[in-house]
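The chain contents come next:
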Amino acid sequence: MKKLLGLGSAVLLTIGLTACGTTTSGKDVEEIINSSISASEKLKSFHVKMEMEQDIIPEAEDAGKVTQSSIIEMDYVTDPLGMYQTTEMTMMGMPIEAETYFTEEGLYTKDSMSKQWQSAPKELSDSFVEMSKNQADVTEQLKQLKEYTKDVKVEEKEDHYLISFSASGEEYQRLVEETVESTMPEGIMPKELLEGLKVNKLSYTYEIDKKTYHPMNFTVDMDFNMEIEGEKIQSLQKMKGSYSKINEIDEIKIPADVKESAVEIDESALQSE
């Protein structure tokens, strides 16, 4: 179940960066997307805050529903690559906090249960860096959506464009699968999970600043089924996020005391979770 919760959240975050859209009074939708792509390619840094509520409903009759809520705040810098993230999570009434740094030097993390800084092995650190890099690459996500613009609505507001998308069915199912495959590093997303992933419903809004074409806010409501290691679940998820400090963060540095006090993560223990 722990593995399913983590992978389910990863799928949501991946899909949460994938939608854009059709006709507005001022500009053609494709023009808005192209302008957003151009602005995204020049992003140097940003802060994003995401709040998520998730209900995991197992198919097995003897298993109860699991409710999880989390707040994630992240500082992200593209060059030199770096991220600082804090997470506050409540799972089955139990609060968990975590703090994570990563740069091209490596990944360091600490949670409120272990209260110990840990460093990730290079293979895991590299995969984490690659996944975060791909998920934060708004440019590639917008490029993928160009062929789906007919299914998306765009409203022109006073200071932003409001993009909304609501879908289900095989056509969008293919987009979800393609997005997950392109965003997750090879070997991170189990093949059986992708094969067993079925999106029942999804609604999405995304605000783009009219002057800068930078991202402002987004929401995702999602209902999907998935199966891994023979366990089937339904996941109902609601997520909202907001961007700030765009191009204001210079560099992420891992504090010396974090590196000095960290112990290496036990890979075998990690894989058994």
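Structure: above.
Every chain's residues receive numbers from 1 upward, in the order its sequence appears when written. Given that this is a predicted model, residues contribute local features only at a pLDDT of at least 70 and side-chain atom pairs are listed and counted only at 80 or more, while totals for whole chains, interfaces and linings are drawn from all residues. Here the side-chain values reflect all heavy atoms present in the structure, with hydrogen atoms and water set aside.

A.B. asks: Could you clarify how one ought to interpret the overall build of the protein chain in this entry?
C.D. replies: Within the protein chain, the regular secondary structure consists of eight helices and twelve strands. Throughout, exposure labels follow a simple rule: accessible area from a 1.4 Å probe, protein chains only, divided by the maximum for the residue type, with under 20% read as buried, over 50% as exposed, and the rest as partly exposed. Counting all 273 residues of the protein chain, 45% fall into the buried class. We call two residues in contact when some of their heavy atoms are within 4.5 Å. Counting contacts in the protein chain only where the partners sit at least 6 residues apart, residues at least 24 apart contribute 65% of the total. Surface accessibility of the protein chain: about 14,300 Å² in total, with carbon and sulfur atoms responsible for 46%. Put simply, DSSP marks the helices as runs of H or I at least four residues long and the strands as runs of E at least two long, and each gets a number from the N terminus on. All accessible-area figures derive from a Shrake-Rupley calculation using a 1.4 Å probe, and residue coverage is judged against the displayed protein chains alone.

A.B. asks: I keep staring at unusual backbone geometry and nothing clicks. Help me out?
C.D. replies: Only a minority of non-glycine residues have a phi that is not negative, and only a minority of peptide bonds are not trans. Look at the link from Asp79 to Pro80: it is a cis peptide, with omega at -5 degrees. Within the secondary structure, Pro80 sits in the loop between strand 2 (66–78) and strand 3 (81–91). Unusually for a residue other than glycine, Lys245 sits at a positive phi of about 50 degrees. Of note, Lys245 is situated in the loop between strand 11 (231–244) and helix 7 (256–261).

A.B. asks: Sorry if this is basic, but what is going on with the nonpolar core here?
C.D. replies: In a soluble, globular protein the nonpolar side chains are often hidden away together inside. One finds Val48, Met50, Leu202, Tyr204, Tyr206, Phe218 and Val220 to be the most contacted residues of the largest nonpolar core, which totals 42 residues. To form a nonpolar core, buried Ala, Val, Leu, Ile, Met, Phe, Trp, Tyr and Cys residues must be joined to one another through side-chain atoms within 4.5 Å. Membership of the second largest hydrophobic core comes to eight residues, among which are Tyr108, Ile249, Ile252 and Ile254.

A.B. asks: Honestly, the packing of aromatic side chains in this entry has me stumped. Any pointers?
C.D. replies: Aromatic ring pairs are described here by two measures, namely the spacing of the ring centres and the angle between the planes. Stacked, edge-to-face and tilted labels apply to pairs of Phe, Tyr and Trp rings (six-membered ring for Trp) whose centres lie within 6.5 Å, assigned for plane angles under 30 degrees, over 60, and everything in between, in that order. Taken as a whole and assessed by the stated rule, the structure comprises six aromatic pairs. Here the aromatic rings of Phe46 and Tyr76 are separated by 5.5 Å at their centres, their planes lie at 20 degrees, and the arrangement is stacked. With Phe46 in strand 1 (residues 45–58) and Tyr76 in strand 2, the pair connects residues that are 30 residues apart, well separated along the chain. Judged on exposure class, the residue Phe46 and its partner Tyr76 are both buried.

A.B. asks: What is the right way to look at the pairing of strand 5 (residues 106–111) in this model?
C.D. replies: Across six bridges, the pairing between strand 4 (residues 94–103) and strand 5 is antiparallel. Bridging across to strand 5, Thr100 finds its partner in Thr109. Strand pairing is assigned whenever DSSP detects at least two bridges linking the two strands. Between the antiparallel neighbours strand 4 and strand 5 lie two residues. Hairpin connection between strand 5 and strand 6 (residues 118–119): a loop of six residues separates the two successive antiparallel strands, and Lys115 in this loop has a positive phi of roughly 55 degrees.

A.B. asks: For this particular structure, what's the right way to read helix 2 (residues 29–41)?
C.D. replies: In an α-helix, one full turn covers 3.6 residues, which means residues spaced three or four apart are oriented alike. Take the residue count of a helix, subtract one, and multiply by 1.5 Å to get its expected span. When the terminal C-alpha atoms of helix 2 are compared, their 18 Å separation across 13 residues agrees well with the 18 Å that a helix rising 1.5 Å per residue should span. Within helix 2 the residues assigned to the buried category are Val29, Ile32, Ile33, Ser36, Ile37, Ala39 and Ser40. Buried residues of helix 2, seen end-on, are gathered within an arc of 165 degrees and therefore sit on one face of the element. For this quantity, the arc is that covered by the directions from the helix axis to the C-beta atoms.

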